[in-house]
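Residue-level listing of the chains:
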Amino acid sequence: MSDFSAPASASPAEPFEHPAWHAGNTLELVRTVALGCTLCPLALQGRSQVVFGVGDPHAALLFVGEGPGEQEDRQGEPFVGRAGRLLTQLIEGIGLTRDDVYIANVVKCRPPGNRDPLPVEIETCAPWLDRQIELIEPRVVVTLGNFATKLLLGTKEGITKLRGRQFPFERAGVSAVLVPTLHPAAVLRNGGRALAETRADFVVAKRLAAAAKQ
Ligand code: SF4
């Protein structure tokens, strides 16, 4: 695996082209190239590895979170810590398994100390997510929390105002429905009502995915 980084300066005549767009036409090829990514500052801030994503490469349901935490960074898989266990339970609660869906994050490398990802990091990493969307072609995209929702809906509105609704989604050549919901870590913090609301959002997402299949 070879590392690559953005050129120090890209003139208008030679715009920088993100490697995601030349990484190949399967999820596995794109993943292989992404594993060597050093394009944003997170590459140098203590990540162990790039956490690309996991699940069915043709899943009807795509879940998008924020970024890897400590456990995810160690294991190379998104949502495997405490919040991940809750995500798994929520997925199982609608009669599916992690293997039936695809799980990814807005940024693929762990922000140090689990801080929020910065706008430049989100922007630089977005083409990897776009390739995932393009190649998976999900029918329903479930955004988990503020960062994924703001990026994929192009909104500044907070998740608590947006959840409970569904939105048309067009990105990377894919038309789908976007269902915003709370991040499992926020559900763990807030419990009770937050859990009930998130469960309801998951039920809606599954119903929409089933309806889109017909
Ligand atoms: S967060 Fe994304 S853009 Fe930044 S180094 Fe990791 S894979 Fe590359």
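Look up a bit, the structure's there.
Residues numbered from 1 in each chain as written. Predicted model: local features only at pLDDT ≥ 70, side-chain atom pairs only at ≥ 80, totals over all residues.

**Student:** Which residues make up the nonpolar core, and what values go with them?
**Tutor:** Core analysis: the biggest nonpolar cluster contains 55 residues, and Leu61, Leu62, Val64, Val106, Val140 and Val141 have the highest contact counts within it. Residue contributions to this core peak at 7 residues, all from helix α4 (residues 119–136). Apart from residues lying up to four places away in sequence, Val64 is in contact with Ala104, Asn105, Val106, Leu129, Val141, Thr143, Leu144, Ala148 and Leu152. (Core = buried A, V, L, I, M, F, W, Y, C linked by C-beta atoms within 7 Å. Buried ≥ 20, exposed ≤ 12 C-beta atoms within 10 Å, placed from the backbone. Helix = DSSP H or I, 4+ residues; strand = E, 2+ residues; numbered from the N terminus. Contact = placed C-beta atoms within 7 Å.)

**Student:** Please set out the site of the ligand residue by residue, giving values where relevant.
**Tutor:** Around the ligand sit 15 residues in total, of which Cys37, Cys40, Lys108, Cys109 and Cys125 are the nearest. Ranked by residues supplied to the shell around the ligand, first place goes to α4 with 4 residues. When the residues that make up the shell around the ligand are grouped by side-chain class, the tally is 11 nonpolar, 2 polar and 2 charged. (Near = placed C-beta within 6 Å. Nonpolar A, V, L, I, M, F, W, Y, C, P; charged D, E, K, R; others polar.)

**Student:** Explain the pairing of strand β4 (residues 140–144) residue by residue, including any values.
**Tutor:** For β4, the tally of buried residues reaches 5 of 5 residues, placing the bulk of the element in the interior. Side chains Val140, Val142 and Leu144 project from β4 onto one buried face, and the interleaved Val141 and Thr143 project onto a second face that is buried too. Bridge count for strand β2 (residues 61–65) against β4 is 4 bridges, and the pairing is parallel. Paired with Leu62 across the strands is Val141, a residue of β4. (Pairing = 2+ DSSP bridges.)

**Student:** Can you break down the sheet that holds strand β6 (residues 174–181) residue by residue, with the values?
**Tutor:** Taking strand neighbours across the sheet as the criterion, the 6 strands line up as β1-β3-β2-β4-β6-β5 in an open arrangement whose pairing is mixed. Edge positions in the open sheet fall to β1 (54–55) and β5 (167–171), since each of these has one partner strand only. Bridge count between β2 and strand β3 (residues 102–105): 4 bridges; the pairing is parallel. Paired with Val64 across the bridge in β3 is Ala104. Here helix α8 (residues 192–213) sits on the sheet in contact with β2, β4 and β6, set at roughly 165 degrees to β6. (Axes fitted to C-alpha atoms, helices over the stretch in contact; angles between N-to-C directions.)

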